[in-house]
Amino acid sequence: MSFRNGLNSLLRPEDSVLVLIDHQPFQLANLHSHTGQVVVNNAAGLTKAAKAFRVPTILTSVVANRGGLIFPQITNVFPDQEVIDRTTLNTWEDKKVVDAVKATGRKQLIIAGLYTEICVAMPVIHALGDGWDVTVITDACGGVSVEAHKVAIQRMIAAGANVMTWLALASEWQRDHARTEHVAEFVEVLKEHEPGSGIAFLWEQQLLNTPVASLESSGF
């Protein structure tokens, strides 16, 4: 077994590509590992974080004319983005999706979707076998039961996948408080989707009277 460690194992926005899979209304009908509110919120936070850090994002659905359109909380972030609609449960068997990922030139493949045990696990395991460095954002996924979600995560880890939550990912992309290029956008995402951290950060700046310059210019 090879271990994922060292600086190069940390995720970098310039090397990342995000694939969001089947965040559709039909999937919420049998979602029992999380509440729909949690998954929609976390998927939206993940999507906005990707936009803030300029990470290419591929949106894909399965049989959307029956399962419904991708949540607007996601598509509104990338209004001009084509949603790739598939018939395959395994996204990595859809050539259009794979070609879109390859076209980015990025090597760190990040995946989230519904359901964890089906439409996430299959492409993750497939892409790992093709040599990709794959990370699953577990709290922007969900399964038909807590057991299904947890077993799927165990299965993907056993196959070599890295697992994280969306805030951990965004924080890893930020990495250094001295990097101010995206911090205003990042804080805006925190305010909307992780307010415990986002509002606390603004409060800290207020109490210390040391607002980050880029936040001042953004009206914070």
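Residues numbered from 1 in each chain as written. Predicted model: local features only at pLDDT ≥ 70, side-chain atom pairs only at ≥ 80, totals over all residues. Heavy atoms only, no water.

S.K.: Explain the pattern of salt bridges to me, please; I cannot follow it from the model alone.
M.R.: Two side chains that carry opposite charge are able to pair once their charged atoms sit near each other. All told, the structure shown has eight salt bridges when counted by the stated rule. With a closest N to O distance of 2.9 Å, R86 and D22 form a salt bridge. Placement of the pair is R86 in strand 3 (residues 83–86) and D22 in the loop between strand 1 (16–21) and helix 1 (25–28), with a sequence separation of 64 residues. Each member of the pair, R86 together with D22, is buried. A salt bridge links R54 to E185; its shortest N-O distance comes to 3.1 Å. Of this pair, R54 sits in the loop between helix 2 (36–52) and strand 2 (57–62) while E185 is found in helix 9 (residues 183–193), placing the two residues 131 residues apart along the sequence. Classification of R54 by relative accessible area gives partly exposed; the value is 48%. (Salt bridge = Lys/Arg side-chain N within 4 Å of Asp/Glu carboxyl O. Helix = DSSP H or I, 4+ residues; strand = E, 2+ residues; numbered from the N terminus. Buried < 20%, exposed > 50% of the residue type's maximum accessible area, 1.4 Å probe, protein only.)

S.K.: How should I be thinking about the nonpolar core in this particular structure?
M.R.: The nonpolar side chains of soluble globular proteins are, as a tendency, buried together. Counting 55 residues, the largest nonpolar core has L46, L109, V124, I137 and W173 as its most contacted members. Here this core takes seven residues from helix 2, the largest share from any one element. In contact with W173, other than residues within four places in its own chain, are L11, R12, P13, S16, A49, A50, F53, V55, I110 and R179. (Core = buried A, V, L, I, M, F, W, Y, C linked by side-chain atoms within 4.5 Å. Contact = heavy atoms within 4.5 Å.)

S.K.: Help me understand unusual backbone geometry, please; the structure alone is not making it clear to me.
M.R.: For residues other than glycine, phi is negative in most cases, and the peptide bonds are mostly trans. Note that the residue after L114, namely Y115, is joined by a cis bond; omega there is -10°. With respect to the helices and strands, the residue Y115 is situated in the loop between strand 4 (108–113) and helix 6 (116–129). Of note in the backbone geometry, R54 takes a positive phi value of approximately 60° without being a glycine. The phi angle at R175 is positive, at roughly 65°, despite the residue not being glycine.

S.K.: What's the story with the sheet that holds strand 5 (residues 133–137) in this structure? I'm lost.
M.R.: Pairing between the strands of a sheet is mediated by backbone hydrogen bonds and can be parallel or antiparallel. The strand order across the open sheet built from six strands is 3-2-1-4-5-6, with neighbouring strands paired in parallel fashion. Only two strands of the sheet have a single neighbouring strand rather than two, namely strand 3 and strand 6 (162–164). Recorded for the sheet is a direction-independent mean angle of 25° between the axes of neighbouring strands. Helix 8 (residues 166–174) rests against strand 1, strand 4, strand 5 and strand 6 of the sheet, and its axis sits at about 100° to strand 6. (Pairing = 2+ DSSP bridges. Axes fitted to C-alpha atoms, helices over the stretch in contact; angles between N-to-C directions.)

By themselves, these are just geometric observations and shouldn't be taken as functional.
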